[in-house]
Structure formats: structure tokens, C-alpha cells
Amino acid sequence: MTEKVAAPGGFHKTDVVIIGAGPIGLFAVFELGLLDLKAHLIDILDRPGGQCTELYPEKPIYDIPGLVEVTGQGLTDRLMDQIKPFQATLHVGQMAESLEKAGDGWRITTDAGTQIEARVVVIAAGGGSFTPKKPPIPGIESYENTSVFYAVRKMDRFSDKIVVIAGGGDSALDWALNLQPIAKRLVLVHHRDGFRAAPDSVNKMRALVAEGKMEFHVASIKSLRGAEGQLQGLALNNKERGDYEIPGEMLLPFFGLTMKLGPVANFGINLHENLIPVDTSKFESNVPGLFAIGDINTYPGKLKLILSGFHEGALMAQQAFRYCRPDEKLRFQYTTSSSSLQKKLGVA
């Protein structure tokens, strides 16, 4: 048996509840499983993967140790394979709505009426629930999900199309570079000739512009032209050039995300700028038994990297064991040398 998706509602009891089924929450299942701790995961999305599968399932990621390149969906798939031996239970399409003490542990209730009791709660919710910031373009809603998209879930949708990307951050530059080879024409629009993106990406973009392989306009998008949800052109404005129009069949506005912590903010945990301060020896919040790993936490020297979250999940699991198995001695073992751990993983 692998992980299972539970129907909404009902009552469950387990060792650890993880709020958030992104890469960090999934890897936490693995670390907990090595210690014989069972986990349930809650996620507001309808599938595991978090931002990796919601925002950039086909975007390459280059900083996962041992993987030269992997997509957001590819990383999620590998993590799901890795946790198969531990039979995690997924509660997807649900939001953790309330948290209350229950004996020596906690009871979480979701907005779907699901109740889960556990000794330990781990918040791995990234920055919380997220929605894209929409540009103030009149009538943009009528083109959404037809020719205006705020995320790239399938690259082939943009193949052989005139693609316009708006924005000046990493997402805009990364997708400009990734879609340029397959688009009929790739246009990047930003209100200034400066970027909040990795210098290497900016240099590669400028090189493509110099070679005539893509366009860059220092301008603002004023309006869209099209019919029945299909984009045909965009009206731009530049200080020197004034108003002018460019053709476009697909628009990808990357103006950032609005993060909302949601009900987690009401769990009685100390917050600092909507993040959860933690003790870095175990990644526990100010409330005993409540942990925070990944982008949702904060501490001196914090780096918002997936690999940092993996490390945090490993240390969290050690302390979670002490709560869940207070009468047992914790023995740290290496998977490479422990036959018992290898049996759990199904490789012995």
C-alpha cells in the first residue's frame, strides 16, 4: 500500500499532522517514517506538491543535491515515490481551520469537517495560501485561463504561439528563457530596464534580445485586444514612444504572489512578520509540540531554499519522536548501514 487520499470528514488519529504537502512536508514524512512515526498531511490544493506543482510544474530546478536538473512536478513525483513505504494519509482540498489541545496532543479540524488528533503538529505551509497579483488591466478577467495565465502548468500550451511575458522578477525571466525555444515569438515587457532577477538570467535574456531571438519592451501594458477570451494584441505605453500595439496570443503576467497565512495565524503561535520563529535545534515554535519547517519559519540566517527545509524536517523529526514515544530511547541510525531502516524502505 502507498499513500492514500482520505475522503473529507471523519475522525483520524495519528502521530504527526503536517499542514502543507509541498516538498518540505513530503520529505518530513520520510524522516518521520524512519522513526516509525505515522503522518497525515493536510493541503488546501487538490494534490501534493505545493508551489512546485501549482506554479512551476515544468520549470527546471537546479539546486536539489544530486539532481542536476528536475522540474517541480518531477521533484514531487520523486518525493512521493520516496515516502511510499510509510503509508502517509493525504487530506487534500482542505484547509486546517482550527487547532485545540486534546489530552497530551492536538486536534485539528479542517474546513471540510475532518478531525485529526496527533501528538505533534508540523506547519510546512510555505508562505501560506497564495494567489497571484493581477495587473490592473481593464477586462483582463475575460481572457483568464484561455489566453492569460498566471502560472505555466503545461509548456506545450505555449508552443508556436506569440507569447508575451510581463514582469521583472525571477519568474518572468526564467519563463522567458524556458519558453523562448518553443514560442513562435517571445516578448518580455517590463516597466523599467532593471530587474529583480538572478544576474545570469538577465544576461542570458539580453543576449537573446541582441541576437534577435526575443524582444524586450520597456513599457507598461495599458489594455488587451481580442475576442471571446482569445488575445490578439496588447496596447503598450512607453514614455518616449507613447502608445503603441504589439501582437500577442498568450500573456503571462508575473507580478508576484499575495501570501495569506490564513487560520494558522490563529493557532496561538508567536509570529514575526507573518512567519513563525523557531528554535533551530529542533525547529519548534514557542508552543511545545508545534513545529514549523520550510518557508513558513524564520530564524537568524534563514535561507528560503528547498534543501534548507529538508534539513529542518530531519531535525524536527528527532524532537517529534521524543513527544510521540516518550518511553522509548531514540537511536540515530544511518540508512546506509542499518538493516532495519533498509527493511522499512523496502531495499533490504
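None of these values were measured; they are calculated from a predicted model.

## Digging into the side chain of Thr 114
Right, on to step 1. Here Thr 114 shows up in the loop between strand E8 (105-110) and strand E9 (115-123).
Right, on to step 2. According to the relative accessible area criterion, Thr 114 is buried, its value standing at 0%.
Right, on to step 3. In this structure the side chain of Thr 114 is engaged in a polar contact, spanning 2.8 Å, whose partner is the backbone nitrogen of Gly 9.
Right, on to step 4. Every residue in contact with Thr 114, bar those within four places of it in the chain, is listed here: Ala 7, Pro 8, Gly 9, Gly 10, His 12, His 91, Gln 94, Ile 108 and Thr 109.

## Regarding the sheet that holds strand E16 (residues 242-247)
Right, on to step 1. Pairing is antiparallel in the open sheet, where three strands are placed in the order E14-E15-E16. This sheet does not close on itself; its edge strands, each paired only once, are strand E14 (220-227) and E16. Direction aside, the axes of adjacent strands within the sheet are offset by 25° on average.
Right, on to step 2. Across six bridges, the pairing between strand E15 (residues 230-238) and E16 is antiparallel. Note that in E16 the partner of Asn 238 across the bridge is Gly 242.

## Details of helix H5 (residues 199-210)
Right, on to step 1. Across its twelve residues, H5 extends 16 Å between first and last C-alpha, which sits within 8% of the 16 Å expected from 1.5 Å per residue.
Right, on to step 2. Every buried residue of H5 is accounted for by Ser 201, Val 202, Met 205 and Leu 208. Mapping the buried residues of H5 onto a view down its axis gives an arc of 125°, with all of them on the same face. Opposite the packed face of H5, turned more than 90 degrees from it, sit the exposed residues Pro 199, Asn 203 and Ala 210.
Right, on to step 3. Of the surrounding elements, those touching the buried residues of H5 are helix H4 (170-179), strand E12 (185-190) and strand E13 (215-218).
Right, on to step 4. Positioned one or two residues after H5, Gly 212 has a phi angle of 75°, which is positive.

## What about the domain arrangement of the protein chain?
Right, on to step 1. Taken domain by domain, the protein chain holds domain 1 (4-131 + 258-344) and domain 2 (134-255).
Right, on to step 2. Averaged C-alpha coordinates put domain 1 and domain 2 at centres separated by 35 Å.
Right, on to step 3. Taken together, the contact between domain 1 and domain 2 spans eight residues of the former and nine residues of the latter.
Right, on to step 4. Here domain 1 and domain 2 share an interface that buries about 710 Å² over both sides, 45% of which is from carbon and sulfur atoms.
Right, on to step 5. If you sort the residues of domain 1 by the area they bury against domain 2, Leu 55, Glu 58 and Lys 59 come out on top, with a joint share of 64%.
Right, on to step 6. Across the contact surface, domain 1 and domain 2 share one salt bridge.
Right, on to step 7. The shortest N-O distance in the salt bridge between Asp 174 and Lys 59 comes to 3.0 Å.
Right, on to step 8. At the junction of domain 1 with domain 2, the criterion picks out two residue pairs in polar contact (both at pLDDT 80 or more).

## Concerning the pairing of E8
Right, on to step 1. For E8, a buried count of five out of six residues is recorded, marking the element as mostly surrounded by other parts of the structure.
Right, on to step 2. Both strand E7 (residues 96-102) and E8 contribute to a ladder of six bridges, which runs antiparallel. Following the sheet pairing, Leu 99 is matched in E8 by Ile 108.
Right, on to step 3. In this antiparallel pair of consecutive strands, E7 and E8, the connection spans two residues, and Gly 103 shows a positive phi of 65°.
Right, on to step 4. Across four bridges, E8 lies against E9 in antiparallel orientation. In the strand pairing of E9, Trp 106 is matched with Ala 118.

Calculation notes
Residues numbered from 1 in each chain as written. Predicted model: local features only at pLDDT ≥ 70, side-chain atom pairs only at ≥ 80, totals over all residues. Heavy atoms only, no water. Helix = DSSP H or I, 4+ residues; strand = E, 2+ residues; numbered from the N terminus. Buried < 20%, exposed > 50% of the residue type's maximum accessible area, 1.4 Å probe, protein only. Polar contact = N/O pair within 3.5 Å; in protein donor to acceptor, adjacent residues only side chain to side chain. Contact = heavy atoms within 4.5 Å. Pairing = 2+ DSSP bridges. Axes fitted to C-alpha atoms, helices over the stretch in contact; angles between N-to-C directions. Expected span 1.5 Å × (residues − 1). Arc of directions from axis to C-beta. Domains from an automatic or database assignment. Buried area = accessible area lost by both parts, 1.4 Å probe. Salt bridge = Lys/Arg side-chain N within 4 Å of Asp/Glu carboxyl O.

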